[in-house]
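Overview (structure and organization)
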Amino acid sequence: CVVRLLKSTSGSVRIGDVDVTHLTRRQLRPHRSAVSIVFQDPAGSLDPRMLVGDVVAEPLRLSAARTSRAERQKRVAESLGQVGLRSEVTRRYPHELSGGQRQRVSIARALISKPSLLIADASVVGHHTGRRGATARCQALQRCADEVAAPYAIRAWQSNGRHQQSSTQPPL
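Reference entry: report on the structure contained in this document.

The rules behind each value
- Residues numbered from 1 in each chain as written.
- Predicted model: local features only at pLDDT ≥ 70, side-chain atom pairs only at ≥ 80, totals over all residues.
- Heavy atoms only, no water.
- Helix = DSSP H or I, 4+ residues; strand = E, 2+ residues; numbered from the N terminus.
- Buried < 20%, exposed > 50% of the residue type's maximum accessible area, 1.4 Å probe, protein only.
- Areas by Shrake-Rupley, 256 points an atom, 1.4 Å probe, with all protein chains shown as cover.
- Axes fitted to C-alpha atoms, helices over the stretch in contact; angles between N-to-C directions.
- Parallel < 35°, antiparallel > 145°, perpendicular 65-115°, else oblique.
- Left-handed = near helix turned anticlockwise from the far one by under 90°.
- Contact = heavy atoms within 4.5 Å.
- Nonpolar A, V, L, I, M, F, W, Y, C, P; charged D, E, K, R; others polar.
- Polar contact = N/O pair within 3.5 Å; in protein donor to acceptor, adjacent residues only side chain to side chain.

**Details of the overall build of the protein chain**
On a plain count of helices and strands, the protein chain comes out with 6 helices and 6 strands. Scanning the protein chain from its N terminus toward the C terminus, one meets helices and strands in the order β-β-α-β-α-α-α-α-β-α-β-β. With 172 residues in all, the protein chain has 32% of them scored as buried. About 11100 Å² of surface is accessible on the protein chain, with carbon and sulfur atoms providing 50% of the total.

**Concerning the packing of helix α3 (residues 52–62) against helix α5 (residues 99–111)**
Running from amino to carboxyl end, α3 crosses α5 at an angle of 30°, the nearest separation of the two axes being 7 Å. As judged from the angle between their axes, α3 and α5 are roughly parallel. Helix-helix and strand crossings are classified by hand; for α3 and α5 the assignment is right-handed. Facing α3, whose interface residues are V52, V55, V56 and P59, α5 presents V105, A108 and R109. Considering only residue class, the contact of α3 with α5 consists of 6 nonpolar, no polar and 1 charged.

**Topic: the environment of R102**
For R102, the position within the fold is in helix α5. Since its relative accessible area comes to 19%, R102 is described here as buried. The residues contacting R102, other than those within four sequence positions of it, are P42, A43, L46, P94, H95 and L97. Here the side chain of R102 touches P94 through a polar contact of 3.5 Å, landing on its backbone oxygen.

Structure follows, in structure tokens:
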């Protein structure tokens, strides 16, 4: 609902003062640039026909802000570096990478647009993987925490409709 991958049937979703549920297609485009998602299954969310460099650059290519090819390549290399991957992976296909590397590519793609909101599934931080894989993903997210995730506020609606807010540091 936050990025309107699914249409809501009732209620509203607000980010700041903006009700996301009532944005027009034109208004939705910049909103989607400000919100990124790291999907649970990187193999399913990465286009197998695209090189990793193109996958990571796609949010920049699709955004309203025009960037040159050289600028996109520079930003892709920086984003991959943030998650602990060398720029050589840009010339590989997702199926040529390990599961942990694919997850870090997904994180790099989510971060390249410098979102104001990053949504990540619990398994992104390794709840369903081995310790080594979990550690690599946590380290990748930790490298980005100063720029993206910390400090952050978690807001949740209780079932009775009262608003509850807590601020915390990421459990990395």
